[in-house]
Each structure stands twice: as C-alpha cells, then as structure tokens.
Amino acid sequence: MKKFDDSAQLLLIAGFAVGVGIVVLTVMLNNVIYASNIASESSIDTSRYDIANAIQMTTEACEDAYQYSINGSHSNVDNGTFRQYIETYTEKASENYGVTGLTFSCQPGNLSKAYFTHNGLVDGEDNWTIVKNINTTDSFAISIPNTSLLSNESNKVMIKVTNTSGNTLWSMELYNSSGNINITVSGQSSTIGNYQITTSGAGEINITGDEIDNSDVSPDFDFSNRTAGHDYSINIINGSHVVGTYSISGNLSTGQPFSQARYWVVEPTISISSREITVNRTVPVSLPGGIK
Amino acid sequence: MPDKAKSGLKTDPSAQMHTLEAVIAAMIMVGIIIFAVQATSLTPLTSSTANAHIEAQLQTMGQDMLSALSYSSYGQDSQLKEDIMNWDGKEYVWNGSTYRSTNNQNKTTLNSSFTDILTQIAVPRGIAHNVHFSWVADNGIVMDKSYIYNGDPSDNAVMISKKVVLSDTDVGNTSDFIAATSIPDADSSTGFYNIVNVKMTLWRM
C-alpha cells in the first residue's frame, strides 16, 4: 500500500504543477495580446490630423488675406494689409489652440514670383496637372514677363491638354531663343502654328482669346475647337524652367465651375507646440489660388 | 491457476486507483484552464461598447467625415464652411427621419451637407452624435453653441474637431450673421472674421 500512496502523491503534485504552469502561460499570453493591441492604437495619430487642419486654415487665411491686399491689380499688393490679416488670424488661432494646451504661431513670409511647378517653387513638381476632368474652358491665359527666366530649346516648357485616355489633344511648347519666346502650338497630329514674342513684348499669352500681348494671332491657337466634346486635363511639363503667372476658368465634366490663378507664391511657416513635441511646417501657397 | 496469474489479479486494484487519479488530475487541469481563460481573457478585442478599438474606429470615422466636408476644390467654399455660413443659430435633433429644430414654436428642419453625411454614415450604424460650434470670444472665453444635439454622450464617446477660418466676404452681412449665430467679428479693422471650431461627438448607444 505504501507504494500506491507514493504514486498518488506524485501524480497529484504533477497535476498541480501542470495546472500552475498553464495559469502562468495563460496570463503571459494574455499580457502579450493586450500589449500588442494597445500598441496598435498608437498608430492612430491625431497630431497629423491637427497639422493638416492647421495647414488648410493657414492656406485659406493667406488666400483671403491676398484678396484684401490687392488694389485692383495683382501686381499691386499691399504687404501691410496682407501681414495685418495674417497677424489677426495668428492671434485668434493661437487662442483656439491655447484652449487645448497647444502653442500656435505663423510667420507669413514674403510674396515671391512663382514657377510653373505644382507648388510654385523652383524645386516643386515639374510635371503636374492644373485642372482635370474639364468640359469647357472659358478663359486660359499665361504670362511670362521675364524671358531670362525661361529655359532654352533643350528644356522646353509645355502646356499639354490630354483626354482621359492620355492622348494629346492640344499642346503649346515655349522656349527661350536669344531673348525671344518661341512658341509652337500643335494639335493631335500636326502643328497648328509657330509664334514669337520679341524681347520688347510683355509675354502675355491669351490662349482661349487667341492673343499675344493683346494682339490677335494668326493662325488661331484653336484651343476651344480642339478640346470641344472631350473630357480633358490641362498639364504642365517642365514647369521649373519658367517663372510666370496663369489664370484659368471654366466648367468641369460634373457641371461644377472652376476658377483658379497664380500670380504669386507665399511660404508661411506654421509651428504647433505641446510640452512633448514641436511641429514646424513651411507651406507654399499659390495666390490668389481658387477664385471665388 | 499459476502463481504469476494470481499475482496479476492481485495488482488490479492499483490500476483502478491509477485510472481514477488520472481522471481526477485531468479534471483539475481542465478546470484550471477554464478558470484561467474566463478570468483573464478581457482584451481590447473583446466585444464590448467599452473598448478602445471602437473608440479608435469612431475617431477615424469622425475625422474622415470632417475631412470630406472640409474639402474645397478650385476656389469653391468647403461644404463645412457653407454649413456654418448658412446656420440659422438654432439647435436641431434627429427625430428618426429628419433633423428637426428643438424649438417647439418653430419646427423647422435642417438640410445641410453635415446632415447628409451623418444620415449616410452615422445614423445607419446606430452611432449617436452631437455637433457643436465653438469660438473664442473677445475676453478669451470659449463660447459654445449646439448645432445638432441628441443628448448627453456616454463615457466612451469620442470628440473630433476641425477649425474653419471665416472672412468677412464669406459671411456677407456680418450683423445678420451675428444676430443669428452669436459668432462675433474678431477684428472689424481687417477682412478677417473669426475661427469656428466644429466639434463632433460620436458614441455607441
């Protein structure tokens, strides 16, 4: 009987040992699952959302400030009015962020001439789309006031209109040739015309109005006819090789009107700080941007 | 009967004991496993209205809704800004079919981009929601007014906010806008009007 008693005790002890081991393993596994789930929540970063909101607000504030700062002409911008608007905006935004324990500041920066890149800066995206899904373009004009800031034939700047399949419907190539602006306009398969703006010209090209420096061109650019009946996009190629302005308006395929222009670019620097982190962002803003 | 067979029969009782011990040990182990699993398996993935994952989901959903509303294309005002500018200052409640003014004397209904997106996203999922507009008054105090109010939120509610800049040209007639909404012109000497903080609260019923 003594032999049997020893076996029973051993089995019971073994059973308890296995039971305790299972409890320990379960608790450890549970901790691992819990910790990994808590870690996954850290990927939901609200600071990115707040920064995006601050950038959007500042962009709209710059566009509004610009509208109050132009005295009838886009070349005559009142910097004092522009800065005063941004200062008032910054003060009010600081109060709003202060409620949530954040510090907000905004340095407006200076207005500068814009390149034909996506964000208007020289190092911005070279090839980009101005507007897509266009039904009709009511007005489209560009201006290249300083020929020295236009590249030569090896780096032609192109305005290209493409349909939804990517086929070119209409294009305009511009390059600097001994101080003159040489322009070649082409349709889907053939050249429509060659034009030149001499050094004495203002460099204003009214594409939909078929005018250069307020004078009719011959032959016409034929922009409207070549794009009629298509759902098309207007693209810029090699935008960093020219400084200038553009304005465009019309209707999208959805029936929604659009209107935008760029005469200047400004780079406000915004900063949002908490006790732990500080985020600084410099955001290029095209002015006037969307026109209401 | 041979002696060997006799001794085998003699040991039969110990085999039964071993079997019984094994069964009891197995029952103890299974019991411990069941106890341990039941006692410790409350993870954030456990189905409950009170867990962090649902809050995170509501947070993301709310951010997406406000981001969609605040998108503006090619010079158009965002839908969020239009909703603020068109607000008549009244408080509205979801009555099961529409957003109706809580003022019993004047039972107007609200049709805005905000109500469209809430009807499409929050209502079908059974997500209760409040929307408030707040701004900082001249004395630095935060003022708050209900746009949509469906009751007090639960402890697990999430709040998502988006700030919207208004200029004088956005508002139009500033005195009418102030009379309706109480949102003041922060600086009458410039074209800047004010910043409105749109605060949306979401919670599971």
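The rules behind the values
- Residues numbered from 1 in each chain as written.
- Chains lettered and ligands numbered in written order.
- Predicted model: local features only at pLDDT ≥ 70, side-chain atom pairs only at ≥ 80, totals over all residues.
- Heavy atoms only, no water.
- Helix = DSSP H or I, 4+ residues; strand = E, 2+ residues; numbered from the N terminus.
- Rg over C-alpha atoms; globule rule 2.2 N^0.38 Å.
- Buried < 20%, exposed > 50% of the residue type's maximum accessible area, 1.4 Å probe, protein only.
- Areas by Shrake-Rupley, 256 points an atom, 1.4 Å probe, with all protein chains shown as cover.
- Lys, Arg positive; Asp, Glu negative; His and termini not counted.
- Charge placed at Lys NZ, Arg CZ, Asp CG, Glu CD.
- Domains from an automatic or database assignment.
- Contact = heavy atoms within 4.5 Å.
- Buried area = accessible area lost by both parts, 1.4 Å probe.
- Salt bridge = Lys/Arg side-chain N within 4 Å of Asp/Glu carboxyl O.
- Polar contact = N/O pair within 3.5 Å; in protein donor to acceptor, adjacent residues only side chain to side chain.
- Nonpolar A, V, L, I, M, F, W, Y, C, P; charged D, E, K, R; others polar.
- Pairing = 2+ DSSP bridges.
- 1 Å grid on protein atoms, 1.4 Å probe; cavity = no way out; pocket = protein on both sides within 12 Å on 5 of 7 lines; lining within 4 Å.
- Points joined across faces, edges and corners; volume = space filled by probe spheres on them.
- Patch = residues over 30% accessible without salt bridge, like charges linked within 9 Å, V, L, I, M, F, W, Y side chains within 5 Å.
- Phe/Tyr/Trp six-rings, centres within 6.5 Å; stacked < 30°, edge-to-face > 60°.
- Lys NZ or Arg CZ within 6 Å of the ring centre and 35° of its normal.

Draft legend 1. Layout of the overall build of chain A. Counting secondary structure elements, chain A contains four helices and 16 strands. The C-alpha atoms of chain A give 31 Å as radius of gyration, which overshoots the globular expectation for 292 residues (19 Å, by more than 25%). Taken over 292 residues, chain A has a buried fraction of 43%. Of the roughly 14,400 Å² of accessible surface on chain A, a fraction of 50% belongs to carbon and sulfur atoms. In chain A, 14 side chains carry a positive charge and 28 a negative one; their mean positions are 11 Å apart.

Draft legend 2. Region of the structure containing the domain arrangement of chain A. Domains assigned within chain A are domain 1 (1-107) and domain 2 (128-266). Relative to domain 2 of chain A, the C-alpha centre of domain 1 of chain A lies at a distance of 45 Å.

Draft legend 3. Looking closely at the interface of chain B and chain A. Between chain B and chain A, the contact holds 54 residues from the first and 49 residues from the second. For the pair chain B and chain A, the summed buried surface comes to about 4,300 Å²; carbon and sulfur atoms form 63% of the total. Where chain B meets chain A, there are one salt bridge. One can count seven residue pairs in polar contact (both at pLDDT 80 or more) joining chain B with chain A. Those elements that place two or more of their residues in the side of chain B that touches chain A are helix H2 (12-40), helix H3 (52-69), strand E6 (158-167), helix H6 (168-171) and strand E7 (192-204) of chain B. A total of nine residues in the side of chain B that touches chain A trace back to one element, the largest contributor, which is H2(B). Each residue belonging to the side of chain B that touches chain A can be placed in one class, and the counts come to 22 nonpolar, 23 polar and nine charged.

Draft legend 4. Representation of the environment of Cys62(A) in the model. Residue and element names in this part refer to chain A. With respect to the element layout, Cys62 can be found in helix H2 (residues 46-69). Classification of Cys62 as buried rests on a relative accessible area of 0%. It is 9.5 Å that separates the C-alpha atoms of Cys62 and Gly289, two residues lying 227 residues apart in sequence. Not counting residues within four places of it along the chain, the set of residues in contact with Cys62 comprises Phe82, Ile86, Val266, Pro268, Val285 and Leu287.

Draft legend 5. Representation of the pattern of salt bridges within the structure. As enumerated under the stated definition, the model contains seven salt bridges over all chains in all. Among the salt bridges present, the one from Arg226(A) reaches Asp222(A), with a minimum N-O distance of 2.9 Å. Via salt bridges that share partners, Glu60(A), Lys81(B) and Asp170(B) belong to a single interconnected network.

Draft legend 6. Geometry of the side chain of Ser186(A). Residue and element names in this part refer to chain A. Considering the arrangement of structural elements, one finds Ser186 in strand E6 (residues 180-186). Judged by relative accessible area, which is 16%, Ser186 ranks as buried. Every residue in contact with Ser186, bar those within four places of it in the chain, is listed here: Leu169, Trp170, Ser171, Thr191 and Ile192.

Draft legend 7. Structural context of the pairing of strand E5 (residues 168-177) of chain A. All names here are of chain A. Counting buried positions along E5 yields eight of 10 residues, so the element is predominantly enclosed. Of the pairings in the sheet, the one linking strand E4 (residues 157-163) to E5 comprises six bridges and is antiparallel in character. Paired with Val157 across the two strands is Leu174, which belongs to E5. Between the antiparallel neighbours E4 and E5 lie four residues, among them Gly166 with a positive phi of about 90°.

Draft legend 8. Quick peek at the layout of surface pockets. All names here are of chain A. In this structure, the second largest pocket occupies an estimated 440 Å³ of space. Surrounding the second largest pocket, 21 residues form its lining, Ser143, Pro145, Glu204, Thr245 and Tyr263 being those nearest its centre. Elements represented by at least two residues in the lining of the second largest pocket include exactly strand E3 (128-143), strand E8 (204-206), strand E12 (245-252) and strand E13 (257-266). Class assignment for the residues of the lining of the second largest pocket results in nine nonpolar, eight polar and four charged.

Draft legend 9. Expanded view of a nonpolar patch on the surface. Residue and element names in this part refer to chain A. On the surface, Val20, Val24 and Met28 cluster together into a nonpolar patch covering about 280 Å² of accessible area. Position of Val20 relative to the elements: it lies in helix H1 (residues 2-41). We classify Val20 as exposed; its relative accessible area is 53%.

Draft legend 10. Structural view of the packing of aromatic side chains. By the definition in use, this model includes 17 aromatic pairs over all chains. Each ring, one from Tyr89(A) and one from Phe192(B), has its centre 6.4 Å from the other, and the planes form 65°; the classification is edge-to-face. In this pair, Tyr89(A) is assigned in helix H3 (residues 79-99) and Phe192(B) in strand E7, connecting two distinct chains. With 5.0 Å between their ring centres and 80° between their planes, Trp87(B) and Phe133(B) make a pair best called edge-to-face. You can see Trp87(B) sitting in the loop between helix H4 (79-85) and strand E1 (92-94) and its partner Phe133(B) sitting in strand E4 (residues 127-136), a full 46 residues away along the chain. Judged on exposure class, the residue Trp87(B) and its partner Phe133(B) are both buried. Put simply, the rings of Tyr68(A), Tyr85(A), Tyr89(A), Tyr97(A), Phe104(A) and Phe192(B) touch in pairs and so form one group of aromatic residues. Residue placement shows Lys163(B) over the ring face of Tyr97(A); its charged tip is 4.2 Å from the ring centre.

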